[in-house]
Amino acid sequence: MLTIRELAPLREALAAWGSEGARVALVPTMGAHHAGHMALVEAARRPGTKVVASIFVNPKQFGANEDLSRYPRKEMADLRMLSEAGCDLAWLPSAEEMYPAGFATNVSVSRVSDRFDGAARPGHFDGVATVVAKLFNQVRPDAAYFGEKDFQQLAVIRRMVADLDFAVEIVGVPTQREDDGLALSSRNVYLDDDERARAVALPRALGVAARAIARGDAVEDALNDARTALAGAGFTVDYVALADAETLIPDPAPDRPRRLLAAARMGATRLIDNVAV
Ligand code: PAF
């Protein structure tokens with residue numbers, strides 16, 4: 001696996017692959033890799049495709065009171081995992097490479113960014129859209145792979161790609177889960193043993209609510225039951241909502257693809273999850 005930290009050698013490597021006729025697939029990450037990231041690499045691997053994984057802890061998507069300095073960083077282990085998973089190139093730009101002095105551009109995707117995590121974390125999705133737009137221009141991938149766990153992020157990126165005519169196929173990869181159902185997340189390491197045991201209430205509450213809504217129970221009752229179950233497990237609920245899977249507008253028509261989304265805090269750790277309805 002090649003490991004590249006500057007744009008000029010990245011472009012050389014990509015040009016060499018281009019002259020061989022290779023397709024390029026991008027897996028953008030912020031490191032702290034776990035099996036969920038490796039599932040993205042696995043999904044991206046195809047005959048004739050070169051897989052590029054980026055590792056960049058993007059300061060623009062962290063709010064002033066969020067955990068940028070605390071965000072887990074383990075580059076050596078991340079690179080080993082990528083190499084073992086069959087990644088061809090690790091792209092590790094520095095903050096100066098990504099945001100050189102004078103950087104003044106912001107990519108803002110309105111409406112789909114407005115609610116849920118967008119409301120709870122002002123500026124977060126602008127930071128995500130800006131860095132992903134830059135990664136697309138740096139790597140020029142034919143396809144890019146994102147986890148469905150960050151479902152609103154995936155919807156924001158799909159909207160940005162459609163609106164700005166990026167020639168890249170966006171592939172959503174199903175959420176990877178622990179045996180008890182908890183979604184894999186780089187933030188799970190912050191949970192102590194007791195919090196970890198109680199955190200399973202999140203996927204369970206979403207599963208119960210999704211089944212209730214699918215069989216025709218009143219949506220508000222199902223959402224309220226989920227909120228009650230989460231509070232009972234010790235979560236502070238941020239939101240539990242049913243939304244259109246493409247626009248993320250709440251109260252979608254039953255004939256539209258729908259997504260049940262939740263965010264809740266267990267102690268100091270904010271967890272998100274979502275399921276299809
Ligand atoms: O999902 C993530 O890890 C990040 O939000 C992403 C897409 C790599 C952008 O920094």
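A short tour of the structure in this document, coming up.

Every residue lining the ligand is accounted for by P28, T29, M30, N58, Q61, V131, F146 and Q153. In this structure, Q61 approaches the ligand through a side-chain N or O atom, which is 2.6 Å from an oxygen atom. Q153 places a side-chain nitrogen or oxygen 2.6 Å from an oxygen atom of the ligand.

Attention shifts here to the sheet that holds strand β1 (residues 2–4). Across the sheet, which stays open at both edges, the six strands sit in the order β1-β4-β3-β2-β5-β6 with parallel pairing between neighbours. Lying at the two open borders of the sheet, with one neighbouring strand each, are β1 and β6 (169–173). Neighbouring strand axes in the sheet, compared pairwise and without regard to direction, differ in orientation by 25° on average. One ladder, built from five bridges, connects strand β5 (residues 143–147) with β6; its direction is parallel. Within β6, the position partnered with Y145 by the bridge is V171. Packing of helix α3 (residues 75–84) onto the sheet brings it into contact with β1, β3 (49–55) and β4 (89–91), and relative to β3 it is tilted by some 165°.

Tallied over the entire structure, the rule returns 15 salt bridges. For E169, the salt bridge goes to R23, with nearest N and O atoms at 3.9 Å. Taken together, the positions of E169 in strand β6 and R23 in strand β2 (residues 23–29) put the pair 146 residues apart, joining distant regions of the chain. Residues D217 and R215 are paired through a salt bridge, measuring 3.2 Å at the closest nitrogen-oxygen approach. Several salt bridges share partner residues, and in doing so they unite D117, D238 and R270 into one network.

What counts and what doesn't
Residues numbered from 1 in each chain as written. Predicted model: local features only at pLDDT ≥ 70, side-chain atom pairs only at ≥ 80, totals over all residues. Heavy atoms only, no water. Near = heavy atom within 4 Å. Polar contact = N/O pair within 3.5 Å; in protein donor to acceptor, adjacent residues only side chain to side chain. Pairing = 2+ DSSP bridges. Helix = DSSP H or I, 4+ residues; strand = E, 2+ residues; numbered from the N terminus. Axes fitted to C-alpha atoms, helices over the stretch in contact; angles between N-to-C directions. Contact = heavy atoms within 4.5 Å. Salt bridge = Lys/Arg side-chain N within 4 Å of Asp/Glu carboxyl O.

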